[in-house]
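Coordinate inspection notes
Residues per chain are reported as follows:
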Amino acid sequence: MYKSITILYIVCFACYVFFTRQPDYLDGEKSPATIHFVKNAPGKIEIPMAVFNDGHKQFSIDARYFFRELSEGEKLEVIYETDHPEKAVVYRFWGYWLTWGELLATVLIYIGLFQVAVSVTKNPTPEAVMDQLEYIPEKKKRYDE
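Procedures and definitions
Residues numbered from 1 in each chain as written. Predicted model: local features only at pLDDT ≥ 70, side-chain atom pairs only at ≥ 80, totals over all residues. Heavy atoms only, no water. Phe/Tyr/Trp six-rings, centres within 6.5 Å; stacked < 30°, edge-to-face > 60°. Helix = DSSP H or I, 4+ residues; strand = E, 2+ residues; numbered from the N terminus. Buried < 20%, exposed > 50% of the residue type's maximum accessible area, 1.4 Å probe, protein only. Axes fitted to C-alpha atoms, helices over the stretch in contact; angles between N-to-C directions. Parallel < 35°, antiparallel > 145°, perpendicular 65-115°, else oblique. Left-handed = near helix turned anticlockwise from the far one by under 90°. Contact = heavy atoms within 4.5 Å. Pairing = 2+ DSSP bridges.

1. So, the packing of aromatic side chains
What the rule picks out here adds up to 16 aromatic pairs. Ring plane angle 15° and centroid distance 6.2 Å describe the contact between Y25 and Y91, whose orientation is recorded as stacked. Here Y25, found in the loop between helix 1 (2-19) and strand 1 (29-39), pairs with Y91, found in the loop between strand 5 (84-90) and helix 2 (100-122); they are 66 residues apart in sequence, far enough to count as distant. When the centroid spacing of 5.7 Å and the interplanar angle of 25° are considered together, the rings of F52 and F59 count as stacked. Note on accessibility: F52 and F59 belong to one class, buried. Joined through ring pairs, the aromatic side chains of F18, F19, Y25, Y91, Y96 and W97 make up one cluster.

2. A closer look at the packing of helix 1 against helix 2
Two elements in contact, helix 1 and helix 2, have axes separated by 12 Å at closest approach and are oriented at 150°. Here helix 1 is positioned roughly antiparallel relative to helix 2, judged by the angle of their axes. Between helix 1 and helix 2 lies a crossing of right-handed hand. Residue-level inspection shows Y2, T6, Y9, F13 and Y16 of helix 1 in contact with helix 2, the latter providing E102, T106, I109, Y110 and F114.

3. What to know about the pairing of strand 2 (residues 46-53)
The buried count for strand 2 comes to six of eight residues, which makes it a mostly enclosed element. Linking two consecutive strands that pair antiparallel, namely strand 1 and strand 2, is a turn of six residues; a positive phi of about 55° is found at K44 within it. Bridge analysis of strand 2 against strand 3 (residues 58-62) gives five bridges, and the strand direction is antiparallel. Opposite N53, over in strand 3, you have Q58 as the bridge partner. The turn joining strand 2 and strand 3, which pair antiparallel and follow one another in sequence, is formed by four residues; a positive phi near 105° is taken by G55.

4. Regarding the sheet that holds strand 1
Read across the open sheet, the five strands follow the order 3-2-1-4-5; overall the sheet is antiparallel. Edge positions in the sheet fall to strand 3 and strand 5, since each has one partner strand and no second. Across this sheet, the average inter-strand angle for adjacent strands is 45°, counted without regard to direction. Here three bridges tie strand 4 (residues 75-81) to strand 5, and the two strands are oriented antiparallel to one another. Each bridged residue has a counterpart across the sheet, and for I79 the counterpart in strand 5 is V89.

So this is what it looks like as structure tokens:
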């Protein structure tokens with residue numbers, strides 16, 4: 001039972017991930033990009049920016065993400081919607097398909113729902129136990145007559 005519930009939960013999460021990406025995977029355009037580090041004015045911290053061209057204009061987007069290491073001049077791909085290329089994102093598994101917030105939330109939701117299911121079915125009432133012990137399946141005919 002635990003395996004089937006886990007498989008069902010993973011399938012539901014995969015469907016959620018596939019259909020909720022922004023920019024949309026199916027309608028989005030992919031473009032090659034190059035990483036360039038730019039110093040921001042207030043703290044003078046170098047920020048990796050992905051620079052790409054949509055065919056008409058050059059754009060640069062923030063390429064930072066939790067647990068993602070980038071180096072100067074690194075080639076990668078960005079995905080964007082043609083109407084809003086300024087809202088592009090780096091097309092990588094970690095950061096586009098799987099984000100740390102969604103991963104953490106899905107683990108917590110799975111554990112919470114699993115604990116609820118276990119607590120509901122763990123200690124049945126004596127009446128429920130008697131009903132299960134006294135249950136006799138009735139014989140059914142193979143074909144209606």
